[in-house]
Amino acid sequence: METSRRTVIAAAAAAGLTAATIGTAHAAGGSKPVRELFGKLADGTKVHRWSLANGGTRLKVLSYGGIVQSLEIPDRHGRYRNVSLGFDNIDDYVAKTPYFGALIGRYGNRIGKGQFTLDGTSHQLSVNDGVNSLHGGAKGFDKHVWDVEGFTSGSDVGLVLHYTSIDGEMGYPGTLRAKVTYTLTRNGDWRIDYEATTDKATVVNLTSHVYWNLAGEGSGSIYDHELEIAASRYTPVDSGLIPTGELAKVAGTPFDFRRTKTVGRDIRVAHQQLLYGKGIDHNWVLDKGITARPERVATLRDPSSGRTLTIASNEPGLQFYSGNFLDGTLVGTGGHIYRQGDALCLETQHFPDSPNQPSFPSTVLRPGQTYRTSTVHSFGA
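Residues numbered from 1 in each chain as written. Predicted model: local features only at pLDDT ≥ 70, side-chain atom pairs only at ≥ 80, totals over all residues. Heavy atoms only, no water.

Novice: When you look at the overall build of the protein chain in this model, what are you seeing that I'm missing?
Specialist: Looking only at helices and strands, the protein chain has four helices and 29 strands in total. The C-alpha atoms of the protein chain give a radius of gyration of 20 Å, which matches the 21 Å a tight globule of 381 residues would have. By its C-alpha atoms, the protein chain is 65 × 50 × 40 Å across when sized along the principal axes. Residue pairs at least 24 apart in sequence account for 66% of intrachain contacts in the protein chain once pairs closer than 6 positions are excluded. A total of about 15200 Å² of accessible surface is found on the protein chain, and carbon and sulfur atoms cover 48% of it. (Helix = DSSP H or I, 4+ residues; strand = E, 2+ residues; numbered from the N terminus. Rg over C-alpha atoms; globule rule 2.2 N^0.38 Å. Contact = heavy atoms within 4.5 Å. Areas by Shrake-Rupley, 256 points an atom, 1.4 Å probe, with all protein chains shown as cover.)

Dropping the structure here:
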């Protein structure tokens, strides 16, 4: 039986850990976020790290790329581990990172051949993944320094991040003003609220690219993690990982996570889609569709620690990536080498290549409209 976050905190307190030690907050809410210098870019631009804690969750975020550099939660015994992959210095984030913990935009995931047509005008985007555009191009939102402000609001604490993408940046039309709010609630939930406006018709698909390992960063494979995804269909891809346009049933395939199973159970099955992705790197078509409020879409559990992650979103899609391209060349925050399958990503989103797929939910944003999506990460043990 899973224990609640409150039970875990109570057990930790009984073991002699103070409220400050375990990252809990008084009824009035968490403490004000703290800013410190993390490093400097080559041009001298300062990069700050913000630390915040509430409800038993500890979060550290960089102004560079809105990156989640660390997210710590307790196990069933109240012991804390960082459960997200990352680096301990800014140079590695600039030179090496495969989007560890980053805010992704202007368009999360891939756009085929880096091209799309909107209102009769063709647009050529930055191409950075073979012939395709990935996660906004060569210098997406993850590679810019965001303006960040800390806040406390009642029992919540958080950060508001702003970035303005100028007309034509990475080939995208329109000046896009993005606002992303990270909130830690009194229950320890991490909520992300995305907003954006534009002065020209454009496409937008923002997401977060945290690499999760609930046993702890650097602890090894996540293939024994148990996963459930509330989706009966997924979007098959071609050899370039661009959706074919089909909404295929997961039944009878390695992509069926409608009932909880381990991540690694079917990951080496001889299925063409797994060969294309060198594992799992696919979008699930969530059964709930687009909703007014976040609804549960996935649950991840590490049996060794008891830690759980439940994701709720109002988005129609979820990209599940099983860390296939971690190749042993990166050393993380804990001093361990990251290898294939050492973490996974669960990115709430609209579908990949939607600007070129008329049957997919639209990602078009027009002047006068406001793009809004929300995702909530709830933790337990």
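Novice: Looking at this structure, I do not really get the sheet that holds strand β18 (residues 231–235). What am I missing?
Specialist: Strand pairing in a sheet is mediated by backbone hydrogen bonds. Such pairs are either parallel or antiparallel. Ordered in space as β19-β18-β21-β24-β27, the five strands form an open sheet in which the pairing is antiparallel. A strand with exactly one partner marks an edge of an open sheet, and here the two such strands are β19 (248–249) and β27 (345–349). Here strand β24 (residues 317–321) pairs with β27 via five bridges, running antiparallel. From the neighbouring strand, Tyr321 faces β27, where its bridge partner is Cys345. (Pairing = 2+ DSSP bridges.)

Novice: It is not clear to me how the sheet that holds strand β1 (residues 34–40) should be interpreted in this structure. Could you clarify?
Specialist: With antiparallel pairing, five strands are arranged side by side in an open sheet as β1-β2-β3-β4-β5. A single partner strand is all that each edge strand has here, and the edge strands are β1 and β5 (80–82). Going across the sheet, the axis of each strand differs from the next one's by a mean of 20°, ignoring polarity. In terms of strand pairing, β1 meets strand β2 (residues 46–54) through six bridges, oriented antiparallel. Each bridged residue has a counterpart across the sheet, and for Gly39 the counterpart in β2 is Val47. (Axes fitted to C-alpha atoms, helices over the stretch in contact; angles between N-to-C directions.)

Novice: Can you help me understand the side chain of Gln69 in this one?
Specialist: Here Gln69 shows up in strand β4 (residues 68–74). Here the side chain of Gln69 touches Phe87 through a polar contact of 2.9 Å, landing on its backbone oxygen. Look past the residues within four positions of Gln69 in its chain and what remains in contact with it is Phe38, Arg49, Lys60, Val61, Leu62, Asn82, Ser84, Phe87, Asp88, Tyr93 and Thr333. (Polar contact = N/O pair within 3.5 Å; in protein donor to acceptor, adjacent residues only side chain to side chain.)

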